[in-house]
Amino acid sequence: MLHIVKHPQQLALIGRYLQANDQLLLVESAVYATSEHSPYFAHLPTQQCVYALKEDLEARGWINRYAQNIQVVNVDAWVELSVNHDKSMSW
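Let us look at the structure shown here. Quick caveat, the model's predicted, so the values are computed rather than measured. (Residues numbered from 1 in each chain as written. Predicted model: local features only at pLDDT ≥ 70, side-chain atom pairs only at ≥ 80, totals over all residues. Heavy atoms only, no water.)

Let us now look at the packing of aromatic side chains. Evaluated as defined, the whole model comprises 2 aromatic pairs. Here the aromatic rings of Tyr17 and Trp91 are separated by 5.8 Å at their centres, their planes lie at 35 degrees, and the arrangement is tilted. Here Tyr17, found in the loop between helix H1 (11-14) and strand S2 (23-26), pairs with Trp91, found in the segment after strand S5 (88-90); they are 74 residues apart in sequence, far enough to count as distant. You can call Tyr17 partly exposed: its relative accessible area is 47%. Ring geometry for Tyr32 against Trp62: centres 5.0 Å apart, planes inclined by 90 degrees, an arrangement best described as edge-to-face. With Tyr32 in the loop between S2 and strand S3 (49-53) and Trp62 in the loop between helix H2 (54-59) and strand S4 (71-73), the pair connects residues that are 30 residues apart, well separated along the chain. (Phe/Tyr/Trp six-rings, centres within 6.5 Å; stacked < 30°, edge-to-face > 60°. Helix = DSSP H or I, 4+ residues; strand = E, 2+ residues; numbered from the N terminus. Buried < 20%, exposed > 50% of the residue type's maximum accessible area, 1.4 Å probe, protein only.)

Listed below in structure tokens is the structure:
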């Protein structure tokens, strides 16, 4: 499942529901969680792939602040992620 997170506050809750093959995509204000200095960074899973939308990072001036373990994707890659997962859930 692809979990699409819009608000960083949801990350604490999502951790309870993540399965081994799930992936996480951070969009909108959730991209603030990509910085190691963010209070939400500790809630990011270490076992799953974590993606962040490039356009949202750029819009918030966060493009040079994300951690190395975050994979930055554009809108086209977001569509591909959605197609490659049977299910997606927005938080």
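The next subject is the pattern of salt bridges. Under the criterion given, the structure shown has 2 salt bridges. Of the charged contacts in the structure, one is a salt bridge between Lys54 and Glu58, with a shortest N-O distance of 4.0 Å. Placement of the pair is Lys54 and Glu58 together in helix H2, with a separation of 4 residues, close to one helical turn. For Lys54, a relative accessible area of 36% puts it in the partly exposed group. Exposure remark for Glu58: the relative accessible area of 42% places this residue in the partly exposed category. For Asp56, the salt bridge is made with Arg60, and the minimal N-O distance between the two is 3.6 Å. Residue Arg60 is classed as partly exposed on the basis of its relative accessible area, which comes to 29%. (Salt bridge = Lys/Arg side-chain N within 4 Å of Asp/Glu carboxyl O.)

On strand S1 (residues 2-5), burial covers both faces: Leu2 and Ile4 on one face and His3 and Val5 on the other are all buried. In this structure, S1 lies alongside S2, joined through 4 bridges in parallel fashion. Note that in S2 the partner of His3 across the bridge is Leu24. When S1 meets S5, the two strands line up parallel, connected through 3 bridges. The residue of S5 that forms the bridge with Leu2 is Ser88. (Pairing = 2+ DSSP bridges.)

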